[in-house]
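# Commentary on secondary and tertiary structure
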Amino acid sequence: MNNRVNMFLAILMTASSFWITGAAQAGCTYATLPNPHPDGIGKSYCDRQISKVMGWQGAPWLERPQRLQEERTDLLIQKLNLKPGMVVGDIGAGTGHIAQMMAEKIAPNGVVWAVDIQPQMIKMLQKKADGLPKGRLQIQQSTEKNLNLPDRILDMAIMVDVYHELEYPRETLQSLMKAVKKGGKIVFVEYRAFDPDVPIKALHTMSVAQVQKEAEDLGLKYEKAESLSWQNMITFINP
Ligand SMILES: C[S@@+](CC[C@H](N)C(=O)[O-])C[C@H]1O[C@@H](n2cnc3c(N)ncnc32)[C@H](O)[C@@H]1O
């Protein structure tokens, strides 16, 4: 009898240890890559190679006059449906090109929080903020895993051409989810993957399915995916 009980307990423990191990391994994880792509940082997340960060030296490309026609940034802003008084985040804001367009829409009493990790971008953002009414553009410097934003401050947040190059996408997205109000929106804008008409390096593109996989892994609720000329705009609701 005792032997039977012991055997039963042993089977139960083995089964539960499988379950626990399985649970710990479920979802998106990081991996170090033995043969990294030259445009990557040598690390993958959720089976996707993470790209290198676009350096501040690329600032003129973000501000190029033809960007409006090429990327239809006007359509992007229109689709966000911003309203006066909203508090919104531009995460990985770069030079503030998109943040400035958003700032016009949430005026006169809304705020755009523009966050970036590179000190040189922060300086450029500060210049943009100085040209706007005081408080319209709030600048925040992030660290690798933390956006350093106040909790539940944002009605909506956008990342334009940013998510694919986050060194710690999981922790950064978790930090963003804390900063966005419950029921608020998080919008990923990524260059379309596998599209020969999009003149962007492969590691700087993402498919809708990949974005969805990574966002849903953290509990974001998929709302919709829309097409711009070069990018997809994928919207989620913060639970
Ligand atoms: C390709 S640029 C896009 C800039 C801007 N969103 C635009 O479309 O004009 C990507 C930006 O993301 C920023 N970035 C990368 N990792 C970041 C992080 N962990 N936190 C905040 N910003 C980050 C980079 O410094 C860079 O300015």
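Everything numeric in this text was worked out from a predicted model, so none of it was measured. (Residues numbered from 1 in each chain as written. Predicted model: local features only at pLDDT ≥ 70, side-chain atom pairs only at ≥ 80, totals over all residues. Heavy atoms only, no water.)

Attention now moves to the side chain of Glu214. In this structure, Glu214 sits in helix α8 (residues 208-217). Among the residues examined, Glu214 registers a relative accessible area of 0% and is labelled buried. Within polar-contact distance, the side chain of Glu214 engages the side chain of Arg48 at 2.7 Å. Within the local environment of Glu214, its side chain forms a polar contact with the side chain of Gln210, the two groups lying 2.7 Å apart. (Helix = DSSP H or I, 4+ residues; strand = E, 2+ residues; numbered from the N terminus. Buried < 20%, exposed > 50% of the residue type's maximum accessible area, 1.4 Å probe, protein only. Polar contact = N/O pair within 3.5 Å; in protein donor to acceptor, adjacent residues only side chain to side chain.)

As a further point, take the sheet that holds strand β3 (residues 48-51). Strand order in the open sheet made by the three strands is β1-β2-β3, with antiparallel pairing throughout. Where the open sheet ends on each side, the last strands, each with one partner, are β1 (30-32) and β3. Ignoring which end each strand starts from, the neighbouring axes of this sheet average 40° apart. Contacts from helix α7 (residues 169-179) reach β1, β2 (40-45) and β3, with the element oriented near 155° to β1. (Pairing = 2+ DSSP bridges. Axes fitted to C-alpha atoms, helices over the stretch in contact; angles between N-to-C directions. Contact = heavy atoms within 4.5 Å.)

The next subject is helix α6 (residues 119-130). The first and last C-alpha atoms of α6 sit 17 Å apart over 12 residues, in line with the 16 Å expected at 1.5 Å per residue. Taken residue by residue, α6 has Met121, Ile122, Leu125, Lys128 and Ala129 as its buried positions. One side of α6 carries all its buried residues, which in axial view fall inside an arc of 115°. Opposite its buried face, α6 presents the exposed residues Lys123, Lys127 and Asp130, each directed more than 90 degrees away. If you follow the buried residues of α6, they end up packed against α2 (59-62), α5 (97-106), β5 (111-116) and β6 (137-141). (Expected span 1.5 Å × (residues − 1). Arc of directions from axis to C-beta.)

What follows is about the pairing of strand β11 (residues 231-237). Counting buried positions along β11 gives six out of seven residues, so the element sits mostly inside the fold. Bridging between strand β8 (residues 180-192) and β11 involves seven bridges; their strand directions are antiparallel. Bridge pairing in β11 places Lys185 opposite Ile237. Between strand β10 (residues 221-227) and β11, which pair antiparallel in sequence order, lie three residues.

Our next topic: the site of the ligand. In the vicinity of the ligand lie 18 residues, with Arg67, Gly92, Asp116, Gln118 and Ser142 positioned nearest. Here Gln118 contributes a side-chain N or O atom positioned 2.8 Å from an oxygen atom of the ligand. One of the side-chain N or O atoms of Glu165 is found 3.5 Å from an oxygen atom in the ligand. When the ligand is considered free in solution it has 590 Å² of accessible area, and contact with the protein chains removes 99% of it. For the shell around the ligand, the per-class residue count stands at 10 nonpolar, four polar and four charged. (Near = heavy atom within 4 Å. Areas by Shrake-Rupley, 256 points an atom, 1.4 Å probe, with all protein chains shown as cover. Nonpolar A, V, L, I, M, F, W, Y, C, P; charged D, E, K, R; others polar.)

Geometry of a packed helix pair, given as the angle between the helix axes and the separation of the axes. Between helix α4 (residues 73-80) and α5, the shortest axis-to-axis distance is 11 Å and the interhelical angle comes to 45°. By the angle class used here, α4 and α5 are oblique. Seen along the crossing, α4 lies across α5 with a hand that is right-handed. Contact residues: Thr73, Asp74, Leu76, Ile77 and Leu80 in α4; Ile98, Met101, Met102 and Lys105 in α5. When its residues are assigned to classes, the contact of α4 with α5 shows six nonpolar, one polar and two charged. (Parallel < 35°, antiparallel > 145°, perpendicular 65-115°, else oblique. Left-handed = near helix turned anticlockwise from the far one by under 90°.)

Across the junction of Ala107 and Pro108, the peptide omega takes the value 5°, indicating a cis bond. Unusually for a residue other than glycine, Cys46 sits at a positive phi of about 55°. Within the secondary structure, Cys46 is located in the loop between β2 and β3. Assessed through its relative accessible area of 7%, Cys46 is described here as buried. Unusually for a residue other than glycine, Phe194 sits at a positive phi of about 60°. Mapped onto the secondary structure, Phe194 falls in the loop between β8 and β9 (205-206).

Bridging between strand β7 (residues 154-160) and β8 involves six bridges; their strand directions are parallel. Looking at the pairing, Val160 lines up with Val189 of β8. Following the backbone out of β7, through α7 and into the adjacent parallel β8, one traces a crossover that is right-handed. Here β8 runs beside β9; their pairing, made up of two bridges, is parallel. (Right-handed = clockwise from strand over helix to strand, strands pointing away.)

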